[in-house]
Each structure stands twice: as C-alpha cells, then as structure tokens.
Amino acid sequence: MVVTIDILIIGAGIAGIACASNLVKSGHTVLIIEKSRGVGGRLATRRINDTVFDHGAQFFTMYDNSFKQWAEPYLKQGLIRQWSAKRKTQESETNASPLYICPKGMTSLIKQAETDHTLSIMRSQKAATITLEQNQWHVTTESQQTFQATHLVTTQPVPQLLDVLDASHYDLEQTTLKRLSQLTYAPCLCILLLLKKPLTLDNNGLIESIDPAIDLMINNQQKYSLNQDIPASLTIHCSPTYSTEHFNTPDNLILDDILRRLSAYFSTDDIQTQQVKRWRYSRPQTTDSTDYVVLNETPYFVACGDAFGGPRVEGAFQSGNTASQYLIKNLLQGEKPGKKQVLHIPD
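Residues numbered from 1 in each chain as written. Predicted model: local features only at pLDDT ≥ 70, side-chain atom pairs only at ≥ 80, totals over all residues. Heavy atoms only, no water.

1. Let's talk about the sheet that holds strand 14 (residues 233–238)
The following threshold applies: Pairing between strands is defined by DSSP: at least two bridges between them are needed. Going along the chain from the N terminus, every DSSP run of H or I of four or more residues is numbered as a helix, and every run of E of two or more is numbered as a strand. Convention adopted: a line fitted to C-alpha atoms gives each axis, helices being fitted over their contacting stretch, and angles between N-to-C directions are expressed from 0 to 180 degrees.
Taken in spatial order, the 5 strands make up an open sheet running 12-13-14-11-15, and their pairing is antiparallel. Each edge of the sheet is formed by a strand with only one pairing partner; in this case those strands are strand 12 (206–211) and strand 15 (271–284). The sheet shows a mean angle of 20 degrees between the axes of neighbouring strands, taken without regard to direction. Judged from the 5 bridges that link them, strand 13 (residues 214–219) and strand 14 form a sheet pairing that is antiparallel. By the bridge assignment for strand 14, I218 is matched with T235.

As structure tokens, this is what we get:
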C-alpha cells in the first residue's frame, strides 16, 4: 500500500515536530515517519526496572524567543521546569539561560506535542530511498512501505541523508553536495547505571569534565528531585574523542574502563544494572550557516535539523520552525487549503 500525503517529514525529533506543528496549523495534511519505535530524537528517555534515564539531551536552554513562546504552555503545565544545576560554561555568561528539564523524562515533551498538535506519526519507518517521480516524492522505507508526497522535509542527520540519496542515485547539485558533506558530527557513548544505593553528586546532580574520557555524569534522582533515599540512576556521556576512538569497542571493555575512571564515586559492587548506548550523530561539530537548505524547489525538498540551527535542542527547534515558515511563505501563502485530506495510516 502506498500512503499518499501532502507533506512528508522524515524524523520525529524536535525539528520535525516544530516543522509539522506549523504546517498542520496552516491547514495542511502532514505525516511524520520515524525510524525508531519511539519519538524524540535527541530527547531520548528509557526506563530500566521502572527507573527513568535520559540518555540523549540531558537538559536544554531557552535563548530563542520562538522556542520560549512554544515552550511557555508546557512550563505552565509543569511538563518543563527549571533545573538548579549550572554548567561550567554558564559561569562566563552574563545573561546565561537557566537549564530546563522535563520531569517525566525528556521524551515526554515530544509525546505531548504530538498530542497537542494532532500530529500523525508512523514509527519504525527508516527511509531507505528517496526518488522524484512525475513531480511527486517517493520515499520507501526498509520495511518496504512507500510514501508518496507532494513536498518533502527531512530532519535526518546529514550523513544519513547523504547515504540515502546516494543509495537512491539522487543527483544533488554539486555545490549543495559539497556544502552538506562539510557538516560533521561527533558520536557519544552513553552509559546508564542503576546503583544499589543512593548517591549524591555536587551541583544538584550534574558533574562535568570528570576525566578526559567523560564529559558529564548526571544523577537522575537529583535532576528530577525524586526521593534521594532510593538507588541512584546515573547517565554518563563520554567525550567526543573517547567516543570516536571506542565506538566499536565491546561493551564490557568500555564499561571496565569507564567504571575504573569513576571509582572515586562508587565501586563496581554498587552497580545493579549497566548498559552502553551508542549515539552515532550526537553533536554537530561543523554546522551550516543557515537554518535549513532547499534541496529542490519544484516540488519542495527541504533539509533542516541541528546541523543547521545549531547543536542544541532549541537550535534544532529553530531550524524546523524556520523551515516550516519558508514553506508556508513560498508555497502555501495565498492559497486556501481545500477540504482537508483524510490520512489513512496502515496498521
């Protein structure tokens, strides 16, 4: 079965959600496809033994006014709240934004936005090919589901996008290809530890630059102001250099090394559960100078995400938000959408 849609968005992270929300509000039928079973992108949360771990972005800032405006209702609802921890980089900033978190886990923000904006999302649909046929975009996923769209937006990490376009034999204009090829990412090895006992860290649960191999360690109990008498759940992000060097190292060797480096905080006997998560495209290291790039104009194919807006949650939001405004202005402005298309998503 081919799913036909007005505008298809690849990726259900904050950039895709921001873009889709505006387009739906403008009266157009939009579908998001997401490669994972869950939504959120860098706002990733998982549960281990009923304990919440954020293993992607641990917090976000609010410098951008459009992001502040979008987040304001969720602040009032308590879905977002301020965290009293401070980053080392904030010490030199005169007007530093506070850090914000989501008490139910970072993914909860995306799930609530999905509901509030009545967004249609198909999960477990990883784009495999992208082709333009008879002025319509055709996206086929690894599960052999095909989507036909008049216009296309992608929020994929740029290396993933280039791989898909290469597999599709899609001809990008050479200057655009060169521009995108220059956008690079650092990986992150993320370690999740559930201890057998409580643990209190300085700075309200956030410790940075513990070791050259470790960027940060966060105690989720302190972060979320949970009962401090229950066993601690720790999220550890390894440094970009260490993560690059050890990305394909077996889990047991990574754990042995990182736990040795953290021996001043707890012993291996204190650990109840341990996991290693690999985040290949965690942090754009080289970003584009614009919020999005137009890959095709007739019909539209637009790329956005954190490699354009900047390597932060609000940067990804800004990119998706600005991309949607571009589409509304240049494609939809002055048009009166007709009867809203009924979107049928296959089971």
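2. Remarks on the packing of aromatic side chains
Convention followed: For this analysis, a ring pair means two rings from Phe, Tyr or Trp (six-membered ring only for Trp) whose centres lie within 6.5 Å, classed as stacked if their planes differ by under 30 degrees, edge-to-face if by over 60, and tilted for the remaining angles. Relative accessible area decides the class of each residue, using a 1.4 Å probe on protein chains only: under 20% of the type maximum gives buried, over 50% gives exposed, and in between gives partly exposed.
Enumeration according to the criterion identifies 13 aromatic pairs in this entry. Ring centres of W137 and Y170 lie 6.0 Å apart, and the angle between their planes is 45 degrees; this geometry places the pair in the tilted category. Highlighted residues: W137 in strand 9 (residues 136–141) and Y170 in the loop between helix 4 (158–167) and helix 5 (174–181), separated in sequence by 33 residues. Note on W137: relative accessible area 0%, which makes it buried. Connected via pairs of aromatic rings, a cluster forms that spans F60, F67, W70, Y74, Y100 and F317.

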